[in-house]
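Structural description and commentary
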Amino acid sequence: MSNAGAPTDPDQHVELRTLFGTPGIGILIYGADGVLRDTNTAALRILDLDRDELVTRLSGAVPWPIVHEDGSPFALEELPSRLALGTGEPEAGTVIGVPRRDGTRAWTVAAALPLRSADETLTGVAVSFSDITPLVDAQQRERELGLLAEHTTDLIARLSADGTIRYCSAASLRLLGRRPEDLVGANLGELATPDEARMLADTLVRVQDSAHSERLTFRVEHADGRAVWCEGSFHRLVDDGPGPSDVVVDLRDISERKRVERRLEYQTLHDPLTGLPNRVLFNDRLSQALLRSRRSGESVAVMFVDLDRFKLINDSLGHAAGDLLLEEAARRILACVRETDTVARLGGDEFAVLLPGLHEHGPIERIAEAILRILGEPFAVGADECFVSASIGIT
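Worth saying up front: this structure is predicted, and the values here are computed from it rather than measured. (Residues numbered from 1 in each chain as written. Predicted model: local features only at pLDDT ≥ 70, side-chain atom pairs only at ≥ 80, totals over all residues. Heavy atoms only, no water.)

**With respect to the overall build of the chain**
Helices and strands together make up the secondary structure of the chain, namely 14 helices and 16 strands. Put simply, 52% of the contacts in the chain that link residues at least 6 apart link residues at least 24 apart. Of the accessible surface of the chain, which amounts to about 19400 Å², a share of 52% is contributed by carbon and sulfur atoms. (Helix = DSSP H or I, 4+ residues; strand = E, 2+ residues; numbered from the N terminus. Contact = heavy atoms within 4.5 Å. Areas by Shrake-Rupley, 256 points an atom, 1.4 Å probe, with all protein chains shown as cover.)

Shown next, in the form of structure tokens:
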């Protein structure tokens, strides 16, 4: 994996490298300008293209007759990478039919994840996709399903219309720690959380009336009690006799992807030095607090806390010492507020405190006095002892 278009955060880079080397998952890395920067071998194998051919088709210089699941043309502007770059939000569950050299068509399901640097700048997008052709090709499904199921890392199961497992592939042992024979006869919904079991039941109903697949992301209980995030693709078996049809489900473990998404979301909403909410998250919580206050009649207060003399300490003792002081200041301010309050770092030596659900002004005064008092105490910064004071504005 090259560094072009890659995130600047080392942890994010390692997480993407993990996905980049996952067998059977194609990865495309785009820069913020939408130009393809990198790809893995699995991607070129699934698309049946070499890198130069892929770049040419993505640019639109050569027609690329990709299609939607219903066979209608798929415009390049609809690609998950372009949508994610345009909105800055993840895209998931996009099914794309891709022509192969031999005249057949490969079916893929793709997801796009925006990449951001530590300062929240959009640096590109990572697209992951896998080949779901055997599950989309209804004419070959019954003949190929058994062979595919036993040789894929995905869990392949055949369900009755109510979710009862009639067949389960050997991947269940790796994915859920459960043997196939222990799962046959059980209901898939029993392995999901109550809310997600209802979503699963609704999906099984919808797929009966659909000529296309239904997709669902949900958690399934592992034998050791932990929850495994799975992405499921549900397909109704055609020509399955009278009455409701059985359903084939392809379950893929996306726990690592979820962890990466949570990590990226955390970085987007938190200050990397102190771990406090940043301006974006603070503004969101302020908006929610104001909405609740209109309904309840309770008051909301905001404090802006500036550290006096911080620049002098930062310039004289260095940025490392300044960072230590900011981290300790954040801990001290947190110790002064209620559990329902939010402390955020807005930038530099500026902090903000959100106090929702107020019935009187007493808590505001007490918290402000506590912050001024605790920030006036000496700070141990390495071998030095530093003194700062604080200015607080309240609105």
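What follows continues from the structure just given.
**Concerning helix 14 (residues 362–375)**
Spacing of three or four residues puts side chains on the same side of an α-helix, whose turn is 3.6 residues. Given a rise of 1.5 Å per residue, 14 residues ought to cover 20 Å, and the 20 Å separating the end C-alpha atoms of helix 14 matches this to within 8%. What helix 14 keeps buried is the set G362, P363, I364, I367, A368, A370, I371 and L375. Where helix 14 is buried, its residues contact strand 11 (299–308), helix 13 (319–334), strand 13 (350–358), strand 14 (379–381) and strand 16 (389–394). (Expected span 1.5 Å × (residues − 1). Buried < 20%, exposed > 50% of the residue type's maximum accessible area, 1.4 Å probe, protein only.)

**As for the pairing of strand 8 (residues 214–221)**
Burial along strand 8 is one-sided: the residues E214, L216, F218 and V220 are buried and none of R215, T217, R219 and E221 is. Relative to strand 9 (residues 227–236), strand 8 runs antiparallel, the two sharing 8 bridges. What sits directly across from R219, in strand 9, is W229. Here strand 8 hands over to strand 9 after 5 residues, with G225 in that stretch at a positive phi of 95°. (Pairing = 2+ DSSP bridges.)

**Let's talk about the sheet that holds strand 1 (residues 26–31)**
Spatial ordering of the open sheet is given by 2-1-5-4-3, a layout of 5 strands whose pairing is antiparallel. Both edges of this open sheet fall to strand 2 (36–39) and strand 3 (91–99), since each of them pairs with a single strand only. Sheet twist, expressed as the mean angle between neighbouring strand axes with direction ignored, is 25°. Pairing of strand 3 with strand 4 (residues 105–116), which is carried by 7 bridges, proceeds in the antiparallel orientation. Counterpart to V98 in the pairing with strand 4 is A106. (Axes fitted to C-alpha atoms, helices over the stretch in contact; angles between N-to-C directions.)

**Details of the sheet that holds strand 13**
Strands in a sheet are paired, the pairing made by backbone hydrogen bonds, and the direction either parallel or antiparallel. Strand order in the open sheet formed by 4 strands is 12-13-11-16, and the pairing between neighbours is antiparallel. Of all strands in the sheet, those bounded by a partner on one side alone are strand 12 (342–347) and strand 16. Neighbour-to-neighbour, the strand axes of this sheet turn through a mean angle of 25°, independent of strand direction. Bridge analysis of strand 12 against strand 13 gives 5 bridges, and the strand direction is antiparallel. When the sheet's bridge partners are listed, G347 is paired in strand 13 with E350.

**Let's talk about helix 4 (residues 80–87)**
Where helix 4 is concerned, the buried positions are P80, S81, A84 and L85. The buried residues of helix 4 all sit within an arc of 130° when viewed along its axis, so they share a single face. Exposed residues pointing more than 90 degrees away from the buried face of helix 4 are listed as G86 and T87. Buried positions along helix 4 lie against strand 1, strand 3, strand 4 and strand 5 (122–131). Among the residues trailing helix 4, G88 stands out with phi positive, at a value near 75°. (Arc of directions from axis to C-beta.)

**Regarding the packing of helix 12 (residues 310–317) against helix 13**
In contact at an axis separation of 6 Å, helix 12 and helix 13 are set at 140° when each is read in the N-to-C sense. The angle between helix 12 and helix 13 places the two elements in the oblique class. Residues F310, I313, N314 and L317 of helix 12 form the contact with helix 13, whose participating residues are H319, A321, G322, L325 and L326. (Parallel < 35°, antiparallel > 145°, perpendicular 65-115°, else oblique.)

**Section: the side chain of D250**
Assignment of secondary structure puts D250 in strand 10 (residues 247–253). Of the buried charged residues, D250 lacks a salt bridge, with R252 as the closest side chain of opposite charge at 5.2 Å. Dropping the residues within four chain positions of it, D250 is found in contact with L135, D154, L155, I156, E231, G232 and S233. (Lys, Arg positive; Asp, Glu negative; His and termini not counted. Salt bridge = Lys/Arg side-chain N within 4 Å of Asp/Glu carboxyl O.)

**Some words on the nonpolar core**
Counting residues in each nonpolar core, the largest one holds 31 residues, and the members touching the most others are L325, F351, V353, I371 and L375. Contributions of two or more residues to this core are made by strand 11, helix 12, helix 13, strand 13, helix 14 and strand 14. Excluding residues that lie within four positions of it along the chain, V353 makes contacts with F282, A301, V302, M303, V305, I333, V337, T342, V343 and I371. (Core = buried A, V, L, I, M, F, W, Y, C linked by side-chain atoms within 4.5 Å.)

**Remarks on the packing of helix 13 against helix 14**
The N-to-C vectors of helix 13 and helix 14 enclose an angle of 145°; their axes lie 9 Å apart at closest approach. Relative to helix 14, the crossing made by helix 13 is right-handed. Two secondary-structure elements touch here, helix 13 through A329, R332 and I333 and helix 14 through I371, I374 and L375. Partitioning the contact of helix 13 with helix 14 into residue classes produces 5 nonpolar, no polar and 1 charged. (Left-handed = near helix turned anticlockwise from the far one by under 90°. Nonpolar A, V, L, I, M, F, W, Y, C, P; charged D, E, K, R; others polar.)

**Let's talk about unusual backbone geometry**
Positive phi is not limited to glycine here, since D48 has a value of about 55°. With respect to the helices and strands, D48 occurs in the loop between helix 2 (41–47) and helix 3 (51–59). For D48, a relative accessible area of 25% puts it in the partly exposed group. Positive phi, close to 75°, is recorded for E120, a residue that is not glycine. Tracing the chain through its elements places E120 in the loop between strand 4 and strand 5.

Keep in mind these numbers describe shape, not what the thing actually does.
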